[in-house]
Amino acid sequence: MKDYLIDTHAHIDMLDDFDIDGVGKVIIPSVEEKTMDKVIEIAQAPNIYAMVGIFPSEAKTYSQEIEDKMIERAKNPKVVAVGEIGLDYYWDKTFNDIQKNVFIKQINMANKLGLPIVVHDREAHKDTFDILKEINKESKVLFHCFSGSVEFMKECTREGWFIALGGVVTFKNAVKMKDVAKEVPLNKLVLETDAPYLTPVPYRGKENKPAYVKYVAEEIASLRNMPVEEIIDITTTNAEEFFNI
């Protein structure tokens, strides 16, 4: 039985102190080209891994040159996924078509590289689902910081895609996420913090860090009336198999 947690999504390149004590492994997403080398450099430390990807809000910066650089960086053995990539219609809907085009390009890149895809989907569930369903051919898919309904979760897991839950599930009024946590198939569940954001209770309002992923595990175990050790074992096994780490 696995007795250590994996934080599958932590922006520890944004933290002043990225001590990962309290977790077994951490995976750092990329969001823009200019910080990608820093992410990969941090990932050279033991038990830390990296992703390459351009975040939806940075879609206008995407170019063939940047894609070529990502392909080259993906040769590093500590790069284990393409992410975080996807669609975000929350802040600015004026360049949705550009976001979709860049999302498609990065899915195709992940397929060619044989790497999993870590998806950012904010208020864009239908377009995200439809693009993945049509374009993705070979890569495993993980919805980071899942924010959809139970029904949408079921649609995603029927496709074989994975669901990552983080600190939001500990928030008192996060009824939808608590319902998802109760019903998500355990073989499709992984944990994350999204540090430094979305800090779980009891540290909500303060800077998040990977060690706080234990509070996510504890909340899900409580919601499902399961031993927390079982949630840790299952989600760690899932993460290691998904990222091949």
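Quantities reported herein were computed from a predicted structural model and do not represent experimental measurements. (Residues numbered from 1 in each chain as written. Predicted model: local features only at pLDDT ≥ 70, side-chain atom pairs only at ≥ 80, totals over all residues. Heavy atoms only, no water.)

Student: Any details on a nonpolar patch on the surface? Residues and values, ideally.
Tutor: Together, Met14, Tyr197 and Leu198 give the surface a local cluster of nonpolar side chains, amounting to about 250 Å² of exposed area. On the secondary structure map, methionine 14 appears in the loop between β1 (6-7) and β2 (25-28). (Patch = residues over 30% accessible without salt bridge, like charges linked within 9 Å, V, L, I, M, F, W, Y side chains within 5 Å. Areas by Shrake-Rupley, 256 points an atom, 1.4 Å probe, with all protein chains shown as cover. Salt bridge = Lys/Arg side-chain N within 4 Å of Asp/Glu carboxyl O. Helix = DSSP H or I, 4+ residues; strand = E, 2+ residues; numbered from the N terminus.)

Student: Can you break down the packing of helix α3 (residues 96-113) against helix α4 (residues 125-135) residue by residue, with the values?
Tutor: Running from N to C, α3 and α4 cross one another at 40 degrees; their axes reach a closest spacing of 10 Å. Remark: the crossing between α3 and α4 carries right-handed chirality. For the pair α3 and α4, the contacting residues are Lys100, Phe103, Ile104, Ile107, Asn108 and Asn111 in the first and Asp127, Thr128, Ile131, Leu132 and Ile135 in the second. When the residues that make up the contact of α3 with α4 are grouped by side-chain class, the tally is 6 nonpolar, 3 polar and 2 charged. (Axes fitted to C-alpha atoms, helices over the stretch in contact; angles between N-to-C directions. Left-handed = near helix turned anticlockwise from the far one by under 90°. Contact = heavy atoms within 4.5 Å. Nonpolar A, V, L, I, M, F, W, Y, C, P; charged D, E, K, R; others polar.)

Student: Now, about the packing of aromatic side chains: what can you tell me, with residues and values included?
Tutor: Between two aromatic rings, the relevant description is the distance of the centres plus the angle of the planes. This model, assessed by the stated rule, comprises 12 aromatic pairs. Grouped by ring-pair contacts, the aromatic residues Phe129, Phe143, Phe146, Phe152 and Trp161 constitute a single cluster. Sitting over the ring of phenylalanine 95, lysine 60 keeps its end group 4.6 Å from the ring centre. Here arginine 204 stacks its cationic end above the ring of phenylalanine 171, 3.6 Å away from the centre of that ring. (Phe/Tyr/Trp six-rings, centres within 6.5 Å; stacked < 30°, edge-to-face > 60°. Lys NZ or Arg CZ within 6 Å of the ring centre and 35° of its normal.)

Student: So what's going on with helix α7 (residues 213-224)? Which residues, and what values?
Tutor: Given a rise of 1.5 Å per residue, 12 residues ought to cover 16 Å, and the 17 Å separating the end C-alpha atoms of α7 matches this to within 8%. Of the surrounding secondary structure, the elements contacted by the buried residues of α7 are β1, β7 (162-165), α6 (175-183), β8 (189-191) and α8 (228-243). (Expected span 1.5 Å × (residues − 1).)

Student: Quick one: what's the story with helix α2 (residues 64-73), residue by residue and with numbers?
Tutor: Within α2, the full set of buried residues consists of Ile66, Glu67, Met70 and Arg73. Axial view of α2: buried residues confined to an arc of 120 degrees, hence all on one face. Packing partners of the buried residues in α2 comprise α1 (36-42), β3 (48-52), β4 (79-88) and α3. (Buried < 20%, exposed > 50% of the residue type's maximum accessible area, 1.4 Å probe, protein only. Arc of directions from axis to C-beta.)

Student: Can you explain the layout of surface pockets? Please cite residues and give values.
Tutor: Empty space left among the atoms is revealed by rolling a probe the size of a water molecule over them. In this model, the largest pocket occupies a volume close to 660 Å³. As for the largest pocket, its lining consists of 30 residues, and the residues nearest its centre are His120, Arg122, Cys145, Asp194 and Leu198. Elements with a contribution of two residues or more to the lining of the largest pocket: β4, β5 (117-122), β7 and α6. Tallied by class, the residues present in the lining of the largest pocket amount to 16 nonpolar, 7 polar and 7 charged. (1 Å grid on protein atoms, 1.4 Å probe; cavity = no way out; pocket = protein on both sides within 12 Å on 5 of 7 lines; lining within 4 Å. Points joined across faces, edges and corners; volume = space filled by probe spheres on them.)

Student: If you had to explain the environment of lysine 209 to someone new, which residues and values would you point to?
Tutor: For lysine 209, the location among the structural elements is in the loop between β8 and α7. Here lysine 209 falls in the partly exposed class, since its relative accessible area comes to 37%. In this structure the C-alpha to C-alpha distance between lysine 209 and isoleucine 131, which are 78 residues apart in sequence, comes to 32 Å. Apart from the residues lying within four places of it in its own chain, the contact partners of lysine 209 are Thr193 and Ala195.

Student: Just give me the short version of the pattern of salt bridges, but keep the residues and values in it.
Tutor: What the rule picks out here adds up to 13 salt bridges. As a salt-bridge pair, lysine 75 and glutamate 72 come within 3.0 Å of each other at their nearest N and O atoms. Its salt-bridge partner being lysine 100, residue aspartate 127 comes within 3.8 Å of it at the nearest N-O pair. Here the residue aspartate 127 occupies a position in helix α4, and lysine 100 occupies one in helix α3, the gap between them amounting to 27 residues. The partly exposed category is assigned to lysine 100, whose relative accessible area is 24%. Where salt bridges share partners, they join Glu33, Asp37, Glu65, Lys69 and Arg73 into one cluster.

Student: So what's going on with the pairing of β2? Residues and values would help.
Tutor: When a strand is regular, its side chains alternate between the sheet's two faces. Side chains of β2 alternate between two faces, with Lys25 and Ile27 and Val26 and Ile28 buried alike. With 2 bridges joining them, β1 and β2 adopt parallel strand pairing. In the sheet register, aspartate 7 faces β2, and the bridge partner there is valine 26. Examined bridge by bridge, β2 and β3 share 3 bridges and lie parallel to one another. Note on β3: the bridge partner recorded for isoleucine 27 is tyrosine 49. Between β2 and its parallel partner β3, the chain crosses via α1, and the hand of that crossover is right-handed. (Pairing = 2+ DSSP bridges. Right-handed = clockwise from strand over helix to strand, strands pointing away.)

Bear in mind that shape data such as this cannot, by itself, settle questions of function.
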